[in-house]
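One letter stands for each residue in the lines below.
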Amino acid sequence: MTVGDPSQNLPAGYEVPRVWSWEAGNGGQFQHINRPTAGARFDRALPVGEHPLQLYSMGTPNGVKVTIMLEELLALGHSDAEYDAWLVNIFDGDQFGSGFVDLNPNAKIPALLDRSTSEPIRVFESGSILLYLSRKFDAFLPKDHKANTEALNWLFWQVGAAPFVGGGFGHFFSYAPIHIKYAIDRYAMEVKRQFDVLDRHLVHHRYLAGDDYSIADMAVWPWYGAVSQNDIYGTSGTFLSADSYPHFQRWRADIAERPAVKRGRMVNRIIGKHSEQLRERHHASDFDNHTHDDASSDSGLVP
Ligand SMILES: N[C@@H](CCC(=O)N[C@@H](CS)C(=O)NCC(=O)O)C(=O)O
């Protein structure tokens with residue numbers, strides 16, 4: 001089979017083999033870490049700090065969901081939500097160490113270890129971590145049955161929608177070694193459709209689940225806020241005319257002003273301005289004392 005249809009003026013060229021085989025070094029930005037196999041690639045134990053909750057993460061949108069939640073819980077007075085946030089540098093392949101893969105067999109950040117229970121509990125998948133912390137501290141999920149269900153609707157919407165934003169749009173707009181108009185068109189259209197879904201819902205709702213800020217907002221904001229502000233994937237927000245969704249932008253700007261959100265977005269961050277980076281967080285005072293860490297990159301890469 002040959003991809004491309006001359007009658008539609010589409011480019012041909014790739015002769016699709018009957019069975020796919022991996023060619024290392026495909027020219028993509030993540031060719032040094034991507035492989036078609038799972039499992040640990042080397043032995044490395046994870047560090048453990050003094051707090052009940054140990055987070056292993058990086059300040060990408062999926063990682064930021066969790067650090068926002070933890071900072072919000074602490075701001076609410078839940079001192080048991082104190083945490084150590086260790087940096088797992090996914091550009092260096094830290095996620096393939098044996099200790100991390102024991103916590104998350106999918107080898108992706110974020111992963112959490114709750115050591116406050118008689119047997120430590122591992123939690124992976126950002127949506128699952130948000131739900132776990134919300135149940136543990138009985139916070140940031142509305143009590144009302146209808147609003148509670150609505151929060152979960154948006155939480156699961158985000159988890160399902162994110163791969164279109166990151167793996168789809170972000171990848172082909174920002175990382176792919178060649179710009180493929182077909183792929184960029186397809187994913188730009190889908191991400192704009194998702195912006196419109198949010199915009200239409202937020203006309204009538206202050207937050208995603210209604211009147212109360214919840215884990216649904218914490219899941220959605222890091223992705224859609226970052227894309228719309230050109231904070232990831234280069235000039236993605238400009239390209240997608242993100243400013244043309246006023247209700248979505250009102251919600252985004254409102255959440256950006258929350259002190260816990262400002263703190264959460266700094267944790268394990270290694271890109272952007274030095275003053276907004278806190279590579280590891282072990283104590284609340286780290287925000288005052290340990291910013292301006294060395295930035296390894298200002299590229300805005302997020303796989
Ligand atoms: N569905 C997962 C996605 C996690 C994910 O894709 N994490 C990325 C960073 S945002 C990662 O660790 N990438 C490293 C890799 O793909 O090797 C979640 O929501 O937690």
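Worth saying up front: this structure is predicted, and the values here are computed from it rather than measured. (Residues numbered from 1 in each chain as written. Predicted model: local features only at pLDDT ≥ 70, side-chain atom pairs only at ≥ 80, totals over all residues.)

K.L.:
Break down the confidence of the model for the protein chain for me, citing the residues and quoting the values.
P.N.:
In the predicted model, the protein chain carries a mean pLDDT of 92, and the fraction of residues at 70 or more is 92%. Every residue in residues 1-6 is under pLDDT 50, and counting partners more than four places away or in other chains gives 12 contacts. pLDDT under 50 marks residues 294-299. Its contacts with residues more than four places away, or in other chains, come to 10 contacts. (pLDDT = per-residue confidence, 0-100. Contact = placed C-beta atoms within 7 Å.)

K.L.:
An account of the site of the ligand is needed here, citing residue identities and associated values.
P.N.:
The full set close to the ligand counts 13 residues, and Thr60, Asn62, Ile90, Lys108 and Ser126 are the nearest of them. In terms of residue class, the shell around the ligand is built from 6 nonpolar, 5 polar and 2 charged. (Near = placed C-beta within 6 Å. Nonpolar A, V, L, I, M, F, W, Y, C, P; charged D, E, K, R; others polar.)

K.L.:
If you had to explain helix 3 (residues 126-137) to someone new, which residues and values would you point to?
P.N.:
Over its 12 residues, helix 3 extends 17 Å from the first C-alpha to the last, a length consistent with the 16 Å expected when each residue adds 1.5 Å. Along helix 3, the residues classified as buried are Ser126, Ile129, Leu130, Leu131 and Leu133. Close packing links the buried residues of helix 3 with helix 1 (61-75), strand 3 (111-114), strand 4 (121-124), helix 4 (145-175) and helix 6 (215-228). Where helix 3 ends, the next residue or the one after it, Asp138, has phi of about 50°, a positive value. (Helix = DSSP H or I, 4+ residues; strand = E, 2+ residues; numbered from the N terminus. Expected span 1.5 Å × (residues − 1). Buried ≥ 20, exposed ≤ 12 C-beta atoms within 10 Å, placed from the backbone.)

K.L.:
Lay out the pairing of strand 4 in plain terms, naming residues and giving numbers.
P.N.:
Sheet topology note: the strand 3/strand 4 ladder contains 4 bridges and is antiparallel. Paired with Ala111 across the bridge in strand 4 is Phe124. Counting the residues that bridge the hairpin from strand 3 to strand 4 gives 6 residues. (Pairing = 2+ DSSP bridges.)

K.L.:
Can you tell me about the pairing of strand 2 (residues 83-87), naming the residues and giving the values?
P.N.:
With 5 of 5 residues buried, strand 2 is to be regarded as a mostly interior element. Bridge count between strand 1 (residues 53-57) and strand 2: 5 bridges; the pairing is parallel. Along strand 2, the bridge assignment pairs Leu55 with Ala85. Taken together, strand 1, helix 1 and strand 2 form a β-α-β motif whose crossover is right-handed. (Right-handed = clockwise from strand over helix to strand, strands pointing away.)

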